[in-house]
Every structure is written in C-alpha cells, then in structure tokens.
Amino acid sequence: MPGQEERAIAQVLLRWYERHRRDLPWRRTRQPYSTWIAETMLQQTQVQTVIPYYERFLARFPTVCALAQAELDEVLALWEGLGYYARARHLHAAAKLICERHGGELPATLEELLALPGIGEYTAGAILSIAFGQDVPAIDANAARVLCRLFDLPLDTTTAAAKRVLRRHAQELLPPGRAAEFNQALMELGSTLCRAKAPQCAACPLAPFCQAYQAGTQALRPLPKRRTAPPLKRLAAAFVERDGRLLLVRRRPEGLLGGLWELPSVELASPEEPPAEALSHLFGGGKAGECLAVIQHAYSHFRIEVAVCRYTLEGEPTLAGGPWDRLRWLSPQELASHALTGATRKTLQALGWPTAGRSL
DNA sequence: AATTCGGGGAG
DNA sequence: CTCCCAGAATT
C-alpha cells in the first residue's frame, strides 16, 4: 500500500497523463486482444512506426480466432517492414492456442499469459493492467528510466537485479485500481519528457519528487548498459620493504595513469605463470617470498587481478624496461603525499600499511 | 548473463 | 557514425 509520498507522486503523474496523453489507436479500446497486438508490435518499436501496422492488422484480423485461422504467410505479409518477425510467428501460434484452449479469450493470469509464445514479463504486465485492470506493474525501457531517475538509482536496467528493484519501486507507487493509467503514464512520461538524452526536467510534473533531479544526476541515470565483459589482465606486483620503507615506482607521465606511483608490477605471460617467476623477470634478480594478497581492480576498458608478493632484493634495484621513469623508497608518511594508482592504494589498505591518502 | 533478432529515427 | 526504442527467446 502506497505511503503519503507515493500517493502524491502517483496523483501528480495521473493528472499530468490525463492532460497530455497522446491519442493513440490502441488507447481507444481496452479489449485484451487489441491490447495484446499493440503491446507486441510496440516491443522495441517506436509508436509512429507501429500505428499504420496496428490499424491494418486489426482490420484484417479483428479477433483472436480470425488470426488463428489465417495462414502464417498472410500474417507475415502484414508484418513486413516491422522487423523482429518472430513476433508475428509467436502471435500466430499463440492465437491458435488461445482459440483452441481458452475459447478465443486471452487468459487473465500472469502464469497463463507467460506460457504463451511471445509474451514475457512486460507484455503480460501490460495486458493484465490495461485490459484486466489488475494492480500489476508493466515496466518497459521508458518506465525503467523514469523510475531510475525518480529514486536516483544507479542501475543498468537490463540486468535481472535491476528489474527486481524497479518492480518493487513501481509496485510501491502503483495506486490501487488505477494500474492501467499509471503504467501508461509512466511510459508516456519517459517517452516524451524523461527521455534518455536531454530530459526536459523544467517541464516535468515529477521534478519536485525526483531524487536525481535534486542531486543533478538525471543525465547519469540509468547507468549505461554494459557491453561485453571487459578483459581481465593478471599481474604480479612486488612488495619490497627495507628499513620501514616501501619500494614504489612512478609511471611515465605519458600514457595510462601517467605520473602516478605504484608497486612494481608485471603482466603474467599466461594465467598459469607463477607470479614469482614473472617478478624475477622484472628485476632480473632477487627472490620472491609469499603471496600477501590478491587485489581486484576495474578500469573503464579492462580489469586487473594483481597477485602481490613479498620480494627481497640485493642492492639498488633497476627499472628493467618497465613503463616507469623514477624509483623511490617511501615511508608511510611520504606515501600519503604521493599520488598512487587505485590498485596500489587498494593493496596498501588490504595489507594494513598506514597511509593518510584517500581510500578506495 | 550474454546474444540475437530488424528497422527506423535522432543527433 | 552511434545510440535508442512499449522485449522475448535462446544459449
């Protein structure tokens, strides 16, 4: 049951929707069949594209059983140009099932709808709320974006975890008995004002409630969808202590992390190469001790996993061709005044080396 | 969890 | 050119 704040948000949103809702063909009826067709056509497809297809389709197939009795070729012909042709095949197959098993009427439960080909979480929610008046959320990409901004949620809305969070928030906001209008209002707001780029917050009725707008983060919500997993680099780093000081090297000013200080490290030739062996190549001498920690760190385009090993050296080390231009032995106090890489800062913290620098 | 499936429109 | 759009099925 919504609290006071939630009720206020829903009320403002519904009032805005009454005044600004676009007059779309599928909004002139709430019959389950036409709702189903419209929602299916609208999957990943913009409103203006769908309108003529929707009208032709409903004129030719006015009922579930009319669709069920048609040849697939004719259904596909009416779909030509809309894309995602599996939608048409699924629609046709589901119509046959509905005509045979449900007497030509769409089922009114989530479980039965999800069992039909081409109907997933969103479409089932849309049919249940719009055609059957049930208090169920229907969250498409537009509604998800609105919710992310309203509650300032740093989520990638395509993940399963994000979908759970968003459904909980939507259910919380949903005014009982008015899910049809509420769900469409959320989507309408997302497609007109709360757009992905350049949201028009000045004109938005929810701006007074919008946590992202208050924080100025609306352009950062939702988070961009993650592409293929960034590659993982495995590194070995040397933890070389001498007289209470730690050996640090400075990365050359040009290039990645230029000018920052870090533990001497080297990329493993293969995941199987022992870190100690890689480090001996780095220094050309000395002796590796135990592994003190394994640190994970992520950059924008790759991740690293660093095996940090104790290491002992005779005399002064040399920088054998690494990407560095300086070398220093630093006390904990001196460390605090040097700019360290994130992975190095993380390593020192994990090992309990006292530094006054920022922790990550 | 990541890919695939189409095509159109905006910037 | 890239990103985005009333997602679902498959691997």
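Source: prediction; values computed, not measured. (Residues numbered from 1 in each chain as written. Chains lettered and ligands numbered in written order. Predicted model: local features only at pLDDT ≥ 70, side-chain atom pairs only at ≥ 80, totals over all residues. Heavy atoms only, no water.)

Side note on the pattern of salt bridges
Link 1 in the chain: Evaluated as defined, the whole model comprises 15 salt bridges.
Link 2 in the chain: For E18, the salt bridge identified is with R178, shortest N-O distance 3.8 Å. Of this pair, E18 sits in helix 1 (residues 4-20) while R178 sits in the loop between helix 10 (160-173) and helix 11 (179-192), and the two are 160 residues apart along the sequence.
Link 3 in the chain: One salt bridge in this structure joins E262 and R251, with 2.9 Å as the shortest N-O distance. Here E262 is found in strand 4 (residues 261-262), whereas its partner R251 is found in strand 3 (residues 245-251), with eleven residues between them in sequence. Here the two residues E262 and R251 agree in accessibility, since each one is buried.
Link 4 in the chain: Through salt bridges that share partners, E18, R178 and E181 make up one connected network. (Salt bridge = Lys/Arg side-chain N within 4 Å of Asp/Glu carboxyl O. Helix = DSSP H or I, 4+ residues; strand = E, 2+ residues; numbered from the N terminus. Buried < 20%, exposed > 50% of the residue type's maximum accessible area, 1.4 Å probe, protein only.)

Thoughts on unusual backbone geometry
Link 1 in the chain: Between R221 and the following residue, P222, the backbone shows a cis peptide bond with an omega angle of -10 degrees.
Link 2 in the chain: Relative to the elements of secondary structure, P222 occurs in the loop between helix 12 (211-215) and strand 1 (232-239).
Link 3 in the chain: Despite not being glycine, Q44 has its phi angle at roughly 55 degrees, a positive value.
Link 4 in the chain: Residue position: Q44 is located in the loop between helix 2 (32-41) and helix 3 (47-60).
Link 5 in the chain: On the basis of relative accessible area, Q44 is assigned to the exposed category, the value being 68%.
Link 6 in the chain: Unlike most non-glycine residues, D152 shows phi in positive territory, near 50 degrees.
Link 7 in the chain: Within the secondary structure, D152 sits in the loop between helix 9 (141-150) and helix 10.

A few points about the state of the cysteines
Link 1 in the chain: Counted under the stated rule, the structure contains one disulfide.
Link 2 in the chain: Disulfide pairing places C65 opposite C99 at an S-S distance of 2.0 Å. Sign of the S-S torsion, about 115 degrees for the bond between C65 and C99, identifies this disulfide as right-handed. Of this pair, C65 sits in helix 4 (residues 64-69) while C99 is found in helix 6 (residues 86-101), placing the two residues 34 residues apart along the sequence.
Link 3 in the chain: Given the relative accessible area of 22%, C99 is considered partly exposed.
Link 4 in the chain: Free cysteine C309: the closest other cysteine sulfur is in C291, separated by 4.5 Å.
Link 5 in the chain: Classification of C309 by relative accessible area gives buried; the value is 3%. (Disulfide = S-S within 2.5 Å.)

Description of the sheet that holds strand 7 (residues 303-312)
Link 1 in the chain: The strand order across the open sheet built from four strands is 5-1-7-6, with neighbouring strands paired in mixed fashion. Since the sheet does not close on itself, it has two edges, and those belong to strand 5 (265-267) and strand 6 (287-298), each with one partner. Direction aside, neighbouring strands of the sheet carry axes that sit 25 degrees apart on average.
Link 2 in the chain: Where strand 1 meets strand 7, eight bridges bridge the pair, whose relative direction is parallel. Bridge pairing in strand 7 links L235 to V306.
Link 3 in the chain: Taken strand by strand, helix 15 (residues 342-351) contacts strand 1, strand 6 and strand 7, and its axis lies near 120 degrees from that of strand 6. (Pairing = 2+ DSSP bridges. Axes fitted to C-alpha atoms, helices over the stretch in contact; angles between N-to-C directions. Contact = heavy atoms within 4.5 Å.)

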